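This is what each chain is made of:
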Amino acid sequence: MTVDLQEQQLQRYLANAVLTASPAQRLLMLFDYLRKDLAEAAGAFEARDWKAVNDQLVHAQEILFALRDPLDRSTELGANLASVYDFCLSQLLTCNLQKDPSFLPGVAELVNKIADANAAAMASAAEGDDPWVLASGVVELEFAVQRNGRISLGAEGELANEVTHTLRLTLLPSSDRA
């Protein structure tokens, strides 16, 4: 079997996987490809393969647009999630233009948190819960704006010598609103 034939079969398989997937599975597929793009961009930075860096970051940005654009920004959750995706897009654009891999870990951390939350919601749905009925919860992002204008994301204690800010989003089910 030739390499071209194997590639064609792989592409056909992937196309069928997307076409037969549920909307929830497609969402998780987008996050899987986004994570893959970010990891491959990091590897391309190490190899100093600037074309691969560009290709992976541009594809990651396309996925972020696909995740951001259909959001209902009239809701608090939709608007806040769109803002997070806008932040990620900005970071990846700067990363690509400046050829600076230091922007990748913060984006990857955010993407991983959002992807994991979606995966947990889908797993909950498989157990009979409705993942689109929002349960209450709090999401906190700690960040610092550095002198050079970069935004650093931090886990507990990572931003010790900087003035930090915390963005706290409180999520409530629609039935809990007054």
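See the structure above.
Summary of the structure given here. Keep in mind it's a predicted model, so treat the numbers as computed, not measured.

Calculation criteria
Residues numbered from 1 in each chain as written. Predicted model: local features only at pLDDT ≥ 70, side-chain atom pairs only at ≥ 80, totals over all residues. Heavy atoms only, no water. 1 Å grid on protein atoms, 1.4 Å probe; cavity = no way out; pocket = protein on both sides within 12 Å on 5 of 7 lines; lining within 4 Å. Points joined across faces, edges and corners; volume = space filled by probe spheres on them. Helix = DSSP H or I, 4+ residues; strand = E, 2+ residues; numbered from the N terminus. Nonpolar A, V, L, I, M, F, W, Y, C, P; charged D, E, K, R; others polar. Salt bridge = Lys/Arg side-chain N within 4 Å of Asp/Glu carboxyl O. Buried < 20%, exposed > 50% of the residue type's maximum accessible area, 1.4 Å probe, protein only. Core = buried A, V, L, I, M, F, W, Y, C linked by side-chain atoms within 4.5 Å. Contact = heavy atoms within 4.5 Å. Phe/Tyr/Trp six-rings, centres within 6.5 Å; stacked < 30°, edge-to-face > 60°.

### Things to note about the layout of surface pockets
Next up, step 1: In this structure, the second largest pocket occupies an estimated 230 Å³ of space.
Next up, step 2: Of all elements in the fold, only helix H2 (23-47) and helix H3 (50-68) reach the threshold of two or more residues within the lining of the second largest pocket.
Next up, step 3: In the lining of the second largest pocket, the residues fall into five nonpolar, two polar and five charged.

### What to know about the pattern of salt bridges
Next up, step 1: Taken as a whole and assessed by the stated rule, the structure comprises six salt bridges.
Next up, step 2: Arg35 is paired through a salt bridge with Asp116; the nearest N and O atoms lie 2.5 Å apart. One end of the pair, Arg35, is in helix H2; the other, Asp116, is in helix H5 (residues 104-126), with 81 residues separating them in the sequence.
Next up, step 3: Residue classification places Arg35 among the partly exposed positions, given a relative accessible area of 27%.

### A few points about the nonpolar core
Next up, step 1: Counting residues in hydrophobic clusters, the biggest one holds 28 residues, and the most contacted among them are Phe31, Leu34, Leu38, Leu57, Leu92 and Leu104.
Next up, step 2: If you list the elements that add at least two residues to this core, you get H2, H3, helix H4 (76-98) and H5.
Next up, step 3: Sequence-distant contacts of Leu38, defined by excluding residues within four places in its chain, comprise Ala60, Leu92, Leu104, Val107, Ala108 and Val111.

### Description of the environment of Leu28
Next up, step 1: The topology assignment puts Leu28 in helix H2.
Next up, step 2: When its relative accessible area of 22% is taken as the criterion, Leu28 is described as partly exposed.
Next up, step 3: Separated by 88 residues in sequence, Leu28 and Asp116 place their C-alpha atoms 9.2 Å apart.
Next up, step 4: Among all residues touching Leu28, those that are not within four sequence positions of it are Ala115, Asn118, Ala119 and Met122.

### What about unusual backbone geometry?
Next up, step 1: One non-glycine residue, Arg48, adopts positive backbone phi at about 60°.
Next up, step 2: Within the secondary structure, Arg48 sits in the loop between H2 and H3.
Next up, step 3: In this model, Lys99 sits at a positive phi of 50°, which is unusual for a non-glycine residue.
Next up, step 4: Tracing the backbone shows Lys99 in the loop between H4 and H5.

### Focus on the packing of aromatic side chains
Next up, step 1: The full count for this structure, using the stated rule, is one aromatic pair.
Next up, step 2: Between the aromatic rings of Phe45 and Trp50, the centroid separation amounts to 6.0 Å while the plane-to-plane angle is 75°, which identifies the pairing as edge-to-face.
Next up, step 3: The buried category is assigned to Phe45, whose relative accessible area is 8%.
Next up, step 4: Accessibility expressed as a relative area gives 32% for Trp50, which makes it partly exposed.

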